[in-house]
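Coordinates in review
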Amino acid sequence: MTVTNVRNPQPTRRSLPLQALALGLAAGLLSASVAAGSPSAPGFAPVLVPALAQAASADPAKQVPGVVSVSAVDFKRGDGGAGKLILRFDGEGANPDLRTQGSSVVVNIGNASLPAALQRPLNVSDFATPVQRIDARQGGEGAQLVLSAQGNFEPLAYQSGREYVVEIVPRAAPASGRAVGASNPAAVASTAQASAPRAYTGRPVTFNFQDVPVRTVLQLIAEESNLNIVASDTVQGNVTLRLINVPWDQALDIVLQARSLDKRRNGNVVWVAPQSEIAKFEQDKENARLAMEERAEMITEYIPISYGNAEDIVKLLTEESKTGHGGGGASGGVSQSRGFLSARGSLSFDRRTNTLLAIDIPQRVAEIKRLVQALDKPVDQVVIEARIVIANESFARDLGARFGVYGSDNFNRWITSGSIDSNQGAYGQVLDPDHEGGITFNNPLNFANAVTNGGSLALTILGNYVNWDLEISALQREGRGEVVSNPRIVTSNQKEAIIRQGQEVGYLTVTGGQSNSIPTVEFKDVLLELRVTPTITNDGRVFLNMALKKDEIEGFVRSGAGDVPQINKREITTAVLVDDGQTVSIGGVYEFRDRSDLSKVPFLGDLPIIGNLFKKRGRSREKAELLIFVTPKVMRVAQR
């Protein structure tokens, strides 16, 4: 057994008689250590100094184990990306030897045989560890396993009973350089993060133990770490370790893991015991605490609530709530989870005064008061200002002409005008004996394609029998309009607010049959509405969940019962994150219409120059734009 401190090596030189004396003394101390580690001798095992440990490792009695066989070879990924090789033997006394050769770790087991079924190479690169390949073979001097690794690594090995574990731990790259195999900073960060959970700060030591008592190893670690280690009487058994240049705190964790032990530290004193014993101790301690709570004196405390709701706080601090007349409360049995209350505690509230009534042990009441003080705070408010801009622009131009020829002879053998109806009207005037004056035509023009409600210019050429009429009409319309709506509202954080403005437009509807129809008045809402729920984030911004709509009456549609309103609807629903005081455009609609119309008389309208007398041209353009802007402003509320 060899124990060395890699920082302060102290080589010794002894003559042959002194070495022989040390060998005998080591054998005696080792026998005393085994006796002290038995159940009949409580306390720590004696400390082995480095020189005596070296002599003990040369004891031939410790190096004559029996021949065993390897029963299983297993590999898995450990913590921090480490590769873990686990060898299981069919008996006790295996004597493995581990050494590093370049990028390979060789494990020789001189007194063990490897079955033919296990003599095969294993590709373990998919485990994402430094180990890439494992070669298991049987040699003339026993079983041999070779672990081929890549990158910087650190081999660790320990033996417990019939298991021998070899752990290949990736080593982090130096601070001034990159990790081996990492070609970019992201790979370096990933390697550092993977090795972060295995960060140890103890001084590095080197241990090479062959079947040494666990209590002796703990004593050596205590001397190296300057800690007081108290080992339980149930800490027994031996362990085989080969740790080279390993921090002492990591060596301690490996020893505890190998023997299913655990530790608890209080200052510079470390208690080591089996995991089951520590778990039982902590469970008994918790049971004692609960028993003390069962016997503790109950107190009553009245806690006023200023900004919150007492009923909501009761539901938050307890898992069950019951409401009663004028107030409510929550209480339960020991078997139920009580939240922040003990098994005997209760928490009730008075709705009228908004006060909590806490009945519990002093520790729980103090915790409830602390929580109420942290929760009962004023909530910041938000002013939301919205601007809705509706801009309209229209342009229309119409240009056309009407041309007609009408007349009759004195004998009324023929009559011509713009239409048959006009001719029939003129002929009726001729046959009417009471008609006085000349013949008049109701529609003398042949082509009625002039612009409606537009300016016109007419020309008439009179003849003896035939009159010629020409009328040129034109119309141009332009319109501009803008509507601005500016609703504002103030609300608390995470509270919905609604503001509406508008009117109800009534219209008649008829219900029933033809014989007993009943007119009914119905209404439609024409509203400007803003519905918003703000949430103030921790970084001072505002998250708005909002719905906004703007309705307008476009006109009325005539029906049998009356006029029905035609409503233009503009609505937006969105969620947006905005800085405090920032104005953001949350939406908009742009419409553009361009239309050209042409009406003409076939053939005549296609004639050059003259064809313009038989045509009508129209052009219209309409533009409409909707823009919605929102500005939230946070109003900080200070607690008095």
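Use the structure listed above.
What this report covers is the structure whose coordinates are included nearby.

Conventions and cut-offs
- Residues numbered from 1 in each chain as written.
- Predicted model: local features only at pLDDT ≥ 70, side-chain atom pairs only at ≥ 80, totals over all residues.
- Heavy atoms only, no water.
- Helix = DSSP H or I, 4+ residues; strand = E, 2+ residues; numbered from the N terminus.
- Buried < 20%, exposed > 50% of the residue type's maximum accessible area, 1.4 Å probe, protein only.
- Phe/Tyr/Trp six-rings, centres within 6.5 Å; stacked < 30°, edge-to-face > 60°.
- Pairing = 2+ DSSP bridges.
- Axes fitted to C-alpha atoms, helices over the stretch in contact; angles between N-to-C directions.
- Parallel < 35°, antiparallel > 145°, perpendicular 65-115°, else oblique.
- Left-handed = near helix turned anticlockwise from the far one by under 90°.
- Contact = heavy atoms within 4.5 Å.
- Nonpolar A, V, L, I, M, F, W, Y, C, P; charged D, E, K, R; others polar.

Some points on unusual backbone geometry
Despite not being glycine, Asp-211 shows a phi value in the positive range, around 55°. Structurally, the position occupied by Asp-211 is in strand β12 (residues 204-213). Residues other than glycine seldom take positive phi values, yet Gln-494 does so here, at roughly 65°. Position of Gln-494 relative to the elements: it lies in the loop between β26 (488-492) and β27 (497-511). According to the relative accessible area criterion, Gln-494 is exposed, its value standing at 55%.

What about the packing of aromatic side chains?
Scanning the entire structure with this criterion turns up three aromatic pairs. Centre to centre, the rings of Phe-207 and Phe-209 are 5.1 Å apart; their planes meet at 20°, and the pair counts as stacked. Take Phe-207 and Phe-209: they sit in the same class, and that class is buried. Ring geometry for Trp-271 against Phe-281: centres 5.3 Å apart, planes inclined by 75°, an arrangement best described as edge-to-face. Of this pair, Trp-271 sits in strand β16 (residues 269-274) while Phe-281 sits in helix α6 (residues 275-295), placing them ten residues apart in sequence.

Describing the sheet that holds strand β9 (residues 142-149)
As summarised here, the arrangement of the five strands in space is β4-β5-β9-β8-β7, forming an open sheet in which the pairing is antiparallel. A single partner strand is all that each edge strand has here, and the edge strands are β4 (96-101) and β7 (121-123). Geometrically, the sheet is characterised by an average inter-axis angle of 15° between neighbouring strands, direction not taken into account. In this structure, β7 lies alongside strand β8 (residues 131-139), joined through three bridges in antiparallel fashion. Along β8, the bridge assignment pairs Asn-123 with Arg-133.

Remarks on the packing of helix α4 (residues 214-225) against helix α5 (residues 248-258)
In helix packing, the relevant descriptors are the interaxial angle and the interaxial distance, both defined with respect to the helix axes. Running from N to C, α4 and α5 point in directions that differ by 165°, and their axes come no closer than 10 Å. Classified by the interaxial angle, the pair formed by α4 and α5 is roughly antiparallel. In this structure, α4 meets α5 at a crossing whose hand is left-handed. Between α4 and α5, the contacting residues are Val-214, Val-217, Leu-218, Ile-221, Glu-224 and Ser-225 on the first element and Trp-248, Ala-251, Leu-252, Val-255 and Leu-256 on the second. Looking at the contact of α4 with α5 residue by residue, the class counts come to nine nonpolar, one polar and one charged.

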